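# Understanding the architecture of this molecule
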Number of protein chains: 2
Amino acid sequence: METANRRNRYCVIMCGGIGSRFWPMSRTDMPKQFLDMFGTGRSLLQQTYDRIRPLCDPENILLTTNVHYVDIIREQLPEIPAENILAEPARRNTAPCICRAAYHIYARNPEASIINIPSDHLVLKENAFIEVLSQGMDFVEKGDRLLTIGLKPVSPHTGYGYIQLGATLDDPSGIRKVKSFTEKPDIEMARTFLANGEFYWNSGMFLWRADSIIKAFEQYAPEINTLFSKARDLIGTPGEAEYINTIYPSAPNISVDYAVMEKARNVYVKTADIGWSDLENWKVLYEISPKTMDGNVTQNCRVLASNSHGNIFAASGDKIMVVSGLDGFIVADTDQALMICPVNDERRIRQVLNEVKEHFGEKFI
Amino acid sequence: METANRRNRYCVIMCGGIGSRFWPMSRTDMPKQFLDMFGTGRSLLQQTYDRIRPLCDPENILLTTNVHYVDIIREQLPEIPAENILAEPARRNTAPCICRAAYHIYARNPEASIINIPSDHLVLKENAFIEVLSQGMDFVEKGDRLLTIGLKPVSPHTGYGYIQLGATLDDPSGIRKVKSFTEKPDIEMARTFLANGEFYWNSGMFLWRADSIIKAFEQYAPEINTLFSKARDLIGTPGEAEYINTIYPSAPNISVDYAVMEKARNVYVKTADIGWSDLENWKVLYEISPKTMDGNVTQNCRVLASNSHGNIFAASGDKIMVVSGLDGFIVADTDQALMICPVNDERRIRQVLNEVKEHFGEKFI
């Protein structure tokens, strides 16, 4: 049974994002997930692969990504068979990507169950992560169930989706029904959620059997379903990529949460304490990172700081930084660009990127 | 007469300095004088050469420098004959360098007169510069005279030498006797000098006949003179470099001002208004450079600055900088090192260099 299960277990690592809020480290041609953000020698994608590896063998690990990143992925994950990289010719959020991956995997193995995970998050408690996902897979493999992973909120974050916990099940795994989903609440509501205790952050990790999610798409997102169900007979043939390239741009730009999860009735949540961060932006990276006595954070560079506090210094390679009298700044340096911006002003980065594009051209972003 | 004069006129460009106060742009292996500080396409040395060129032909322009910089000079000034680069195996301030150059030039041409100039200064009024030096050369060629160029002080600078103007001469050139030299006064004295009006900055430019300065060394600095007078017979032979390499390290580390000028009786000064700056450090560069409406200075880079004032941004190549909320900083970026330091704290740079050396090694400075 163990072995049969393992053979049927697949993982889809979603790595098509552009991580623009980590500019200039993260650029359109080399986004965050492909960077060694912590100087460990492994990119966030490679760390995600390493983390999931105990649950799935390489031939059962698939990657969905923009066509531009296929070569980077091949280089970073040479263990993955080339046919496991599902390239997308356009960015269309998670619903089309997840639907396409489900059909692809179902065609390979109708018994398949799938873990869908982002490629650019941080998980510090790897054993807990494995245990949560193992229990989750055991749960979804038993029936027609869509499972999300919920994380206990530590702040009234307005950028995440929230999952309200529903009825408990008669099940030792602690998995519960989902009562409601709420996308990106305003700050008042986020504070209420945090105080209430019933609301958990949506981690963006989803578990299900391939047939379960296909059924859900048929029911709740027929437009998307129709596009990809037509590919059934082409999967594994040269026609698959050609078909995807033709129809993918016409898919709606929509998240799986909105397209399916908020509508489906068979949605469950497993709460988890896995030392998680979505590494959303510089400020988050600052907050989760170890600090010097002066409250400075150093990423991939050697810094000589005097009379400087609360900064994050990021560079690459052998670069050194000498800093004096600077408080509360992001200093992020690449070969192409240097950004110096107050940590608390990091929301400006999107605007900055537009300005950079306008003044200096696309090649810098 | 004109032609005879020109044939006898030599220029010695001193370019052995290490410009440490412009770190990280200026490094021991590529000091300030070899950098294109203003993005004009010509280094400070090349600009100095261009500036002096109307007065001397390339075969009469010599360079004194540390042996490490010979290749850089050959590359930057291919017009200069290789034998005109007088390499020094050690740093020994200006007195040994000037004495050695005088003997070298005298051996080539006993009628020679010499303009000694630093390689790393800025001169904005090039026509005035030429006129001042022409008049000065006419003056020293007439007799046994040592001429300095004095610059009207614009601040009570404590880092310069001051020349007190003495008796006027019966001469339309406005050249005067020197009453006294004062090296690096304290701030009180510098203020008094500035208010007095009789005190001028010592520019580090000196004019004399080769025989006059040799005579002065014989009289006032016999220790130095003895070292280099022994080379007379070797000049122009392969033995010259070998001899210099052997004895140069034993020469006293002393300036020509202190060794000769302060003691000699035949010292004169020509005051000049030539738009001069010694480009001493980042703060000076900030002060003399054109500024944006927000008071920012940009050197060799493209900057997108918002809510930022009074900064100097320096980089190289195609690098862009995006800066927000920064006031009064030097941001100087090279491939190896990034320095961020308050403009008013630039005096720390020497200390910083020691710390960099200690923490990261000599290769960064």
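This section reports on the structure supplied with the text. (Residues numbered from 1 in each chain as written. Chains lettered and ligands numbered in written order. Predicted model: local features only at pLDDT ≥ 70, side-chain atom pairs only at ≥ 80, totals over all residues. Heavy atoms only, no water.)

Moving on to helix H7 (residues 210-220) of chain A. The set of residues buried in H7(A) consists of A:Ala210, A:Ser212, A:Ile213, A:Ile214, A:Ala216 and A:Phe217. On its buried side, H7(A) packs onto helix H4 (94-108), strand S4 (113-118), strand S6 (146-151), strand S9 (199-209), helix H8 (222-229) and helix H10 (256-261) of chain A. (Buried < 20%, exposed > 50% of the residue type's maximum accessible area, 1.4 Å probe, protein only. Helix = DSSP H or I, 4+ residues; strand = E, 2+ residues; numbered from the N terminus. Contact = heavy atoms within 4.5 Å.)

Moving on, we get to the packing of aromatic side chains. Two aromatic rings, taken as a pair, are described by how far apart their centres are and by the angle between their planes. All names here are of chain B. Tallied over the entire structure, the rule returns 22 aromatic pairs over all chains. Between phenylalanine 139 and tyrosine 268, the ring centres sit 5.1 Å apart and the planes meet at 70 degrees, which makes this aromatic pair edge-to-face. Here tyrosine 268 lies in strand S10 (residues 267-272) and phenylalanine 139 lies in helix H5 (residues 126-141), a separation of 129 residues in the sequence. Tyrosine 268 sits in the buried class, given a relative accessible area of 13%. (Phe/Tyr/Trp six-rings, centres within 6.5 Å; stacked < 30°, edge-to-face > 60°.)

A sheet is described by the order of its strands in space; here 6 strands give the open sequence S13(A)-S15(A)-S17(B)-S16(B)-S14(B)-S12(B), paired in mixed fashion. Looking at strand neighbours, the two that pair on one side only are strand S13 (302-306) of chain A together with strand S12 (297-299) of chain B, the edges of this open sheet. Sheet twist, expressed as the average angle between the axes of neighbouring strands with direction ignored, equals 5 degrees. Of the pairings in the sheet, the one linking strand S14 (residues 312-314) of chain B to strand S16 (residues 329-333) of chain B comprises 3 bridges and is parallel in character. By the bridge assignment for S16(B), B:Ile312 is matched with B:Ile330. The strands touched by helix H12 (residues 349-360) of chain B within the sheet are S13 and strand S15 (320-324) of chain A together with strand S17 (337-342) of chain B, with S13(A) carrying the most contacts at an inclination of about 145 degrees. (Pairing = 2+ DSSP bridges. Axes fitted to C-alpha atoms, helices over the stretch in contact; angles between N-to-C directions.)

Further remarks concern the interface of chain B and chain A. Each side of the interface is counted separately: chain B has 34 residues, and chain A has 34 residues. When the two sides are added together, the surface that chain B and chain A hide from each other amounts to roughly 2700 Å², 66% of it contributed by carbon and sulfur. Linking chain B with chain A are 2 salt bridges, by the criterion used here. Close ionic contact of B:Asp333 with A:Lys319 constitutes a salt bridge, the shortest N to O distance being 2.7 Å. Seen at the junction of chain B and chain A, the total is 20 residue pairs in polar contact (both at pLDDT 80 or more). Those elements that place two or more of their residues in the side of chain B that touches chain A are strand S13 (302-306), strand S15 (320-324), S16, S17 and H12 of chain B. Examining the composition of the side of chain B that touches chain A, we find that 6 residues originate from one element, S17(B), more than from any other. Residues belonging to the side of chain B that touches chain A are distributed by class as follows: 20 nonpolar, 6 polar and 8 charged. (Buried area = accessible area lost by both parts, 1.4 Å probe. Salt bridge = Lys/Arg side-chain N within 4 Å of Asp/Glu carboxyl O. Polar contact = N/O pair within 3.5 Å; in protein donor to acceptor, adjacent residues only side chain to side chain. Nonpolar A, V, L, I, M, F, W, Y, C, P; charged D, E, K, R; others polar.)

Now for the relation of the copies chain B and chain A. Mapping chain B onto chain A is achieved by rotating through 179 degrees and translating by 0.1 Å along the same axis, at an RMSD of 0.1 Å. Here the symmetry operator amounts to a two-fold rotation axis. Considering only C-alpha atoms, the part of chain B nearest the rotation axis is B:Asp335, at 3.7 Å. An overlap of 100% is found between the interface residues of chain B and their copies at the interface of chain A, pointing to a shared contact surface. (Least-squares fit on C-alpha atoms with pLDDT ≥ 70 in both.)

Our next topic: the sheet that holds S13(B). The strand order S12(A)-S14(A)-S16(A)-S17(A)-S15(B)-S13(B) describes an open sheet built from 6 strands, whose pairing is mixed. Every interior strand has two partners, whereas the edge strands, strand S12 (297-299) of chain A together with S13 of chain B, have only one. Put simply, the sheet's adjacent strands are angled 5 degrees from each other on average, direction ignored. Packing against the sheet, helix H12 (residues 349-360) of chain A makes contact with strand S17 (337-342) of chain A together with S13 and S15 of chain B, and its axis sits at approximately 145 degrees to S13(B).

Take the pairing of strand S1 (residues 9-14) of chain A next. All names here are of chain A. With respect to burial, S1 is a largely interior element, 6 of its 6 residues being buried. Side chains of S1 alternate between two faces, with Arg9, Cys11 and Ile13 and Tyr10, Val12 and Met14 buried alike. Sheet topology places S1 next to S4; 6 bridges connect them, and they run parallel. Considered in S4, the bridge of arginine 9 is made with serine 113. Where S1 and strand S2 (residues 61-66) come together, 4 bridges link them in parallel fashion. Bridge pairing in S2 places valine 12 opposite leucine 62. Running through helix H2 (residues 44-52), the crossover from S1 to the neighbouring parallel element S2 is right-handed. (Right-handed = clockwise from strand over helix to strand, strands pointing away.)

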